[in-house]
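Here's the letter readout for the chains.
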Amino acid sequence: MAAMQTYRNIVILTGAGVSAESGIDTFRSAGGLWEQHRVEDVATPEGFARDPDLVLRFYDMRRAAIQTKAPNAAHVALGRLEREWPKRVPGGTVTLVTQNVDDLHERGGSLGVIHMHGEHLTVWCTACDTRHRWTGPLADRPPCPECAVPALRPDVVWFGEVPYRMEEIFAALSEADLFVSIGTSGAVYPAAGFVRTAREIGAQALELNLERSQGSQWFHETRLGPASEIVPAWVEELLGG
Ligand code: BV8
């Protein structure tokens, strides 16, 4: 990666690995979230229809857990990049897309985070189609604040459901000259395909991850290490030290 090359529009995609050092389980590592549950049981509409209590408890546990965690140096560095990039490159943009449903990017200082798979701290009423900020449980079937029907579900994109804000994401990718993937296994689409979209329009592609991922072949450069170390180092390099 030519550190001196000046980029203008940066698109960053993060996955569970960026929150791992904050103590939030990833999905596919040993002992990770999916090891304790079958994906089809807890992260699909069919699983929710089959056993809503199991799914609501799975998400209640995770929604409570993230509220006991803190952003790590990777989240803070990305918040710094977003603030300082337009000063370093007038007119330059940073678009942060995350597959994560925690709020650690926001608490690390990022604004305008695109949560393409939804958020733990938002719930969605399937009766009146409204969304509400929510920090408590859903397993006790609380009434919707809008319509009072006990029809709230996690506002999270399950397998087979359409990810959020895809138009905005593809618009940002179409303008990108640098695409950076951080802490994701490249196992889930359409997120795992973004690097190829970026490459098609000629962007540079950089991967920052603990280990090589399923998509490493698509990147010009892969840097391996814990996000709390390699992300701040990359941001420092990009902002000209
Ligand atoms: C859709 C819910 C249509 C929220 C999640 C066959 C081929 C291709 C695609 C498909 C197919 N069959 C089905 C599909 C589609 C399917 C899919 O991709 N399936 C996969 C399994 C093949 N996708 C969908 O259904 C999506 N919807 O396609 O709709 C469409 C498409 C386009 C446009 C319009 C319509 C919906 C997918 C969303 C599913 N919901 N989660 C929740 O419960 O959290 S997915 C789940 O996996 C999370 O969102 C998570 O973010 C995501 C990806 O996982 P990662 O974040 O990468 O986490 P993982 O544990 O896997 O990896 C962690 C990485 O971090 C590792 O690489 C590790 O090395 C690294 N790491 C660990 N520690 C550190 C670290 N890195 C740095 N530092 C550390 N300390």
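Below you will find a few notes about this structure. (Residues numbered from 1 in each chain as written. Predicted model: local features only at pLDDT ≥ 70, side-chain atom pairs only at ≥ 80, totals over all residues. Heavy atoms only, no water.)

## Looking at the packing of helix α6 (residues 73-88) against helix α10 (residues 227-238)
Operational definition: Every axis in this analysis is a line fitted to C-alpha atoms, fitted for helices over the stretch in contact. Angles between the N-to-C directions lie between 0 and 180 degrees. Numbered from the N terminus, helices here are DSSP runs of H or I no shorter than four residues, and strands are runs of E no shorter than two. Angles are sorted into four bins: roughly parallel if under 35 degrees, roughly antiparallel if over 145, roughly perpendicular if 65 to 115, and oblique for all others. In this description, contact between two residues means that some pair of their heavy atoms is separated by no more than 4.5 Å. Just so you know the grouping, Ala, Val, Leu, Ile, Met, Phe, Trp, Tyr, Cys and Pro go in nonpolar, Asp, Glu, Lys and Arg go in charged, and all remaining residues, Gly too, go in polar.
As a packed pair, α6 and α10 sit with axes 8 Å apart at the nearest point and diverge in direction by 10°. With respect to α10, the axis of α6 lies roughly parallel. Across the interface between the two elements, Ala73, Ala74, Ala77, Leu78, Arg80, Leu81, Trp85 and Arg88 of α6 pack against Ala227, Ser228, Val231, Pro232, Trp234, Val235, Glu236 and Leu238 of α10. Tallied by class, the residues present in the contact of α6 with α10 amount to 12 nonpolar, 1 polar and 3 charged.

## Regarding the side chain of aspartate 102
How we decide: Classification of residues uses two cut-offs on accessible area relative to the type maximum, computed with a 1.4 Å probe and protein chains only: under 20% is buried, over 50% is exposed, and between them is partly exposed. Counting rule applied: Lys, Arg positive; Asp, Glu negative; His and chain ends not counted. Only one rule defines a salt bridge in this text: a Lys or Arg side-chain nitrogen within 4 Å of an Asp or Glu carboxyl oxygen. Polar contact is defined as a pair of N or O atoms within 3.5 Å, subject to the rule that within protein one atom must be able to donate a hydrogen and the other to accept it, and that residues adjacent in sequence are counted only when both atoms are side-chain atoms.
Following the sequence through the fold, aspartate 102 ends up in the loop between β2 (93-98) and α7 (104-107). Lacking a salt bridge, the buried aspartate 102 has arginine 107 as its closest oppositely charged neighbour, with an N-O distance of 7.2 Å. Of the polar contacts made by the side chain of aspartate 102, one reaches the side chain of serine 19; its length is 2.8 Å. Those residues in contact with aspartate 102, other than ones at most four positions away along the chain, are Ser19, Ile24, Ile66, His115 and His120.

## Quick notes on the site of the ligand
Defined as follows: Only heavy atoms are used to decide nearness, and a residue is near a molecule or strand if one of them lies within 4 Å of it. In this description, accessible areas are obtained by the Shrake-Rupley approach with a 1.4 Å probe, and a residue is regarded as covered only by the protein chains that are shown.
Residues in close proximity to the ligand total 34 residues, the closest being Arg28, His117, Thr184, Ser185 and Tyr189. Protein chains bury 75% of the 1,500 Å² of accessible surface belonging to the ligand in isolation.

## A look at the pattern of salt bridges
Scanning all chains against the criterion turns up 14 salt bridges. Two residues, aspartate 60 and arginine 63, come together in a salt bridge whose shortest N-O distance is 2.8 Å. Residue aspartate 60 and its partner arginine 63 are both found in helix α5 (residues 52-66); the two are separated by 3 residues, about one turn of the helix. In this structure, aspartate 60 and arginine 63 share a single accessibility class: buried.

## Quick notes on the layout of surface pockets
Inclusion rule: Both site types are read off a 1 Å grid over the protein atoms alone. A 1.4 Å probe that fits but cannot get out defines a cavity, while an open set with protein on both sides within 12 Å along at least five of seven lines defines a pocket; lining residues have an atom within 4 Å of a point. Grid points are joined across faces, edges and corners, and a volume is the space filled by probe spheres set on the points.
There is about 160 Å³ of room inside the second largest pocket. The residue makeup of the lining of the second largest pocket, split by class, is 9 nonpolar, 9 polar and 2 charged.

## Examining the sheet that holds strand β6 (residues 152-156)
We count it as follows: Strand pairing requires that DSSP identify at least two bridges connecting the strands.
On the basis of which strands lie adjacent, the open sheet formed by 3 strands has the order β5-β4-β6 and antiparallel pairing. In this open sheet, the two edge strands, each paired with only one partner strand, are β5 (131-133) and β6. Between one strand and the next, the sheet's axes are offset by a mean angle of 45°, whatever the strand orientation. When strand β4 (residues 118-125) meets β6, the two strands line up antiparallel, connected through 4 bridges. Looking across to β6, one finds that tryptophan 124 is bridged to arginine 153. Relative to the sheet, α5 contacts β4 and β6, its axis offset from that of β4 by approximately 135°.

Limitation: the analysis is restricted to geometry and does not speak to function.
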